[in-house]
Amino acid sequence: MIALSPLSQAIAKTVRPSMGLSLLLFALPTFAEDKPENDQLDTITVTASALKVATPLAETPRSVSVIDEEQLSIQQPKKLDEALRYQPGVLTQPYGSDNDQDWFKIRGFDAATYLDGNRLYNVGYYNWTLEPFGLEQVEVLKGPSAILYGEAPPGGVINAVSKRPGYTEGGMLQLQAGTNNQQQIGIDVTSFVDDDGDVRFRLVGMMSERDGMLDDTYTDRVYLAPSLAWDISPDTSITFLASYKKDDGVPTNPFKPAYGTLIDTPEGKLDPSTNLGEPGYDKNENTQLSLAYELEHHFNDVWQFKQNTRYAHTDLLLRSTYAFGSETSADLARGIVYRDGTTDSYSMDNQAIANWSTDRTENTFLFGVDLQHYNNDSMEADDWGVNYGGTTGNINAFDPVYGNYQPIDDRATLVDITKGQAGFYAQQQVKLDDKWIMKVGGRYDIVRLQNDSGSTQEDIHNTNLALSGGLMYQTDFGFTPYISYDESFEVLASVDAATGKAYKPLEGQQTEAGFKYEPSFINGYINMAWFNINQKNGLVYDPSTAQQTQTQELTSQGVEIEGVANVTQDLLVRANYTYTDARSDDGLGNEQRTPLIPRHMASTWLEYDFSHLGLDSFIIGAGARYMGSSVGHTSDGAGTLQVPSVTLFDAMARYDITQKWRAQVNVNNLTNKEYVASCDYYCYYGEEMSATATINYLW
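Residues numbered from 1 in each chain as written. Predicted model: local features only at pLDDT ≥ 70, side-chain atom pairs only at ≥ 80, totals over all residues. Heavy atoms only, no water.

Colleague: Can you help me understand the sheet that holds strand 8 (residues 135-142) in this one?
Modeller: By way of backbone hydrogen bonds, the strands of a sheet pair with one another, either parallel or antiparallel. Ordered in space as 3-8-9-6-7, the five strands form an open sheet in which the pairing is mixed. For this open sheet the edge positions go to strand 3 (64-67) and strand 7 (118-120), each flanked by a neighbour on one side alone. Strand-to-strand twist of the sheet, defined as the mean angle between neighbouring strand axes without regard to direction, takes the value 25°. Here strand 6 (residues 112-115) pairs with strand 7 via three bridges, running antiparallel. The residue bridging leucine 115 from the neighbouring strand is asparagine 118, located in strand 7. (Pairing = 2+ DSSP bridges. Helix = DSSP H or I, 4+ residues; strand = E, 2+ residues; numbered from the N terminus. Axes fitted to C-alpha atoms, helices over the stretch in contact; angles between N-to-C directions.)

Colleague: How do you make sense of unusual backbone geometry when you look at a structure like this?
Modeller: When glycine is set aside, most residues are seen to have a negative phi, and most peptide bonds are trans. One non-glycine residue, leucine 596, lies in positive phi territory at about 80°. Take leucine 596: it is sitting in the loop between strand 31 (591-593) and strand 32 (600-609). Residue asparagine 669 is not a glycine yet carries a positive backbone phi of 55°. Tracing the chain through its elements places asparagine 669 in the loop between strand 37 (661-668) and strand 38 (676-679).

Colleague: Please clarify how the pairing of strand 25 (residues 506-517) should be interpreted in this entry.
Modeller: On a regular strand, each side chain points to the face opposite its neighbour's, so the side chains alternate between the two faces of the sheet. Bridge analysis of strand 24 (residues 479-490) against strand 25 gives twelve bridges, and the strand direction is antiparallel. If you follow glutamate 487 over to strand 25, its bridge partner there is glutamine 509. Taking the residues that link successive antiparallel strands as the turn, the strand 25-strand 26 (residues 523-536) hairpin has five residues.

Colleague: What is the right way to look at the state of the cysteines in this model?
Modeller: Covalent bonding between the sulfur atoms of two cysteines defines a disulfide. Applying the stated criterion across every chain, the model contains one disulfide. Through a disulfide, cysteine 679 is tied to cysteine 683; the S-S separation comes to 2.2 Å. Since a negative S-S torsion denotes a left-handed disulfide, the cysteine 679-cysteine 683 link at about 105° is right-handed. (Disulfide = S-S within 2.5 Å.)

Colleague: Is there a simple way to think about the packing of aromatic side chains in this case?
Modeller: For any pair of aromatic rings, geometry is given as the distance between the ring centres together with the angle between the planes. Applying the stated criterion across every chain, the model contains 22 aromatic pairs. Summarising the aromatic geometry, the rings of phenylalanine 479 and tyrosine 517 are spaced 5.9 Å apart at their centres and angled 70° between planes, so their arrangement reads as edge-to-face. In this pair, phenylalanine 479 is assigned in strand 24 and tyrosine 517 in strand 25, connecting sequence segments 38 residues apart. An aromatic cluster is present here, built from Tyr95, Trp103, Phe255, Tyr322, Phe324, Tyr682 and Tyr684 joined pairwise through their rings. In this structure, lysine 163 is placed above the aromatic ring of phenylalanine 133, and the distance from its NZ or CZ to the ring centre is 4.5 Å. (Phe/Tyr/Trp six-rings, centres within 6.5 Å; stacked < 30°, edge-to-face > 60°. Lys NZ or Arg CZ within 6 Å of the ring centre and 35° of its normal.)

Colleague: Quick question: what am I supposed to make of the side chain of histidine 633 here?
Modeller: Turning to its location among the elements, histidine 633 is positioned in strand 34 (residues 630-633). Take histidine 633: its relative accessible area is 8%, and that puts it in the buried class. Ignoring sequence-local partners within four residues, the contact set of histidine 633 consists of Gln592, Pro595, Gly639, Leu641, Asp680 and Tyr681. (Buried < 20%, exposed > 50% of the residue type's maximum accessible area, 1.4 Å probe, protein only. Contact = heavy atoms within 4.5 Å.)

Colleague: Where do I start with the pattern of salt bridges in this structure?
Modeller: Pairs can form between side chains of opposite charge whenever their charged atoms are close. A full pass over the atoms with the stated rule returns 42 salt bridges. Glutamate 512 is the salt-bridge partner of arginine 107, the closest N and O atoms lying 3.0 Å from each other. Of this pair, arginine 107 sits in the loop between strand 5 (104-106) and strand 6 while glutamate 512 is found in strand 25, placing the two residues 405 residues apart along the sequence. For the pair arginine 107 and glutamate 512, one class covers both residues: buried. For the salt bridge of aspartate 382 with arginine 339, the shortest nitrogen-to-oxygen distance reads 3.3 Å. Placement of aspartate 382 in strand 19 (residues 361-383) and of arginine 339 in strand 18 (residues 334-357) is noted, with a sequence separation of 43 residues between them. (Salt bridge = Lys/Arg side-chain N within 4 Å of Asp/Glu carboxyl O.)

Spelled out as structure tokens, the structure:
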């Protein structure tokens with residue numbers, strides 16, 4: 001008799017009463033809420049958690065994208081980076097399919113992750129990962145954003161919006177199965193606590209199991225997110241949000257040599273599923289806990305006050321064995337990363353907002369005080385293998401034999417890093433004669449970093465003044481040109497392995513110019529942006545330490561073009577193209593292309609609703625993603641690797657069987673294309689084909 005996992009048993013108990021129907025539905029595809037008839041594309045408005053003042057995108061002098069709940073339902077992402085695949089300027093999963101981290105680059109740089117407007121710290125291996133089943137929207141704010149968020153990378157900000165209680169009672173039960181032995185059961189319920197709905201409760205929860213892309217890797221997940229909203233009065237409301245997520249599994253280490261991936265060998269091609277780590281030793285146990293509230297009060301027709309507060313805690317045990325790169329041999333040196341510790345972060349953002357009008361102007365003023373505190377208390381060890389003075393033995397990429405290593409758990413040393421930040425910011429937006437839109441702002445931050453790591457004792461104080469400004473002009477025919485300038489800075493709460501000291505602050509500046517066009521003859525919009533970003537003290541990979549170190553300057557400039565249109569009442573088209581020229585300069589006259597970043601990226605997504613042909617609520621979608629060629633470095637840093645371009649195809653189909661039952665199928669990398677996603681000093685295979693069948697029951 002086959003032994004079932006706990007999740008398999010739970011699913012079996014759930015579906016057994018209607019097994020015949022369930023089997024039929026699994027052959028089809030997902031359910032969320034009934035899709036409303038939408039003959040027009042409404043003006044997209046970013047919530048206050050992204051720009052802190054709700055503003056139509058057409059009136060924002062910078063690039064912002066929104067992935068709403070319907071698009072998340074259509075795409076069914078399993079990770080946050082999967083949700084960003086069809087966004088202009090965003091490179092997703094450059095390191096392939098990683099089961100314990102989200103990877104994305106925006107305009108050639110890293111980006112900060114926020115949840116409901118509060119910073120989620122991703123420091124070293126202590127990464128906060130989000131569960132897409134618990135999100136109702138994802139917002140992408142591109143380029144430096146210090147004016148609103150203080151210290152953050154110059155790529156921008158990814159702000160995820162949690163599901164929270166609405167004004168409609170009901171619920172959803174979801175069952176999923178897919179490739180890589182994926183199984184998932186989820187529930188999403190909203191209920192009123194009182195009769196009139198002034199107090200509302202929502203519970204989101206799920207359990208999942210899924211194998212990783214590499215042999216003998218997997219992730220088991222439990223997620224629970226209750227929330228409570230209370231309309232205290234017509235002028236005052238508060239929402240309490242909590243979440244708990246526990247991952248338990250074996251991490252995927254995607255590091256592969258160029259030998260056997262990009263470079264042909266007598267042994268042939270290296271199988272993408274080959275695990276070059278230690279499946280019997282490697283482990284990833286990551287527990288996340290978050291508590292938050294959002295308070296909003298309107299004093300009068302002009303002034304309102306908002307306060308967002310969050311506490312976040314992570315508890316990590318990570319043992320991760322990885323292979324070094326090579327261009328000439330299948331015999332690979334290996335290393336081990338060991339982390340056992342916790343992180344705690346507290347953040348509070350206080351905002352005072354005023355809206356008023358005169359005969360010729362509409363004015364919005366924002367003033368805020370933002371407080372953040374972060375602490376990492378960890379036992380850490382790194383073994384760089386016998387080739388670099390360590391104890392971890394080599395492995396043959398084409399014939400891996402496991403067990404040639406020494407555990408490093410008892411070699412760990414204490415690392416204690418604390419970072420605090422206080423920021424004061426103000427922004428004024430003026431709309432003049434319904435034509436000109438001017439936005440100007442500034443922010444002053446005070447940051448203190450205390451580093452107590454072994455023999456290193458540091459207490460570093462930094463201050464930063466960041467400026468921001470933008471100008472737009474709205475024509476009578478929907479064409480709105482604009483120009484903007486923004487700055488960023490980031491204080492890294494980690495140590496430069498090359499120097500043994502804390503990293504210097506990263507400083508970035510962006511100039512952006514473009515237009516936003518909503519033509520009267522098309523139900524949609526076209527946006528174009530040119531950007532130029534410079535960052536001082538940028539991070540680059542050092543092959544001698546297998547860690548990141550700092551260089552003189554990183555630059556990125558390019559163009560983004562995005563179009564979204566309901567071509568007909570039934571056909572939705574999304575298309576975009578991005579050109580990015582990202583370079584690094586070490587200050588010694590050595591300028592080169594930044595690894596990982598392709599110059600050209602493009603994607604198209606088509607979605608057709610067959611309702612007007614008599615097939616109510618039947619939708620099919622298809623997409624293509626193109627990633628141009630990129631470069632990497634040889635394992636010794638002396639040469640250059642050329643990574644070829646690739647085009648991938650995705651598809652989905654969704655059918656509302658009844659008002660309560662919905663079925664959906666999603667397939668990514670439809671042709672199961674085997675490809676190298678990117679290289680730096682290693683190479684990384686891209687994600688293989690994945691398919692998911694989903695049933696949702698709604699009440």
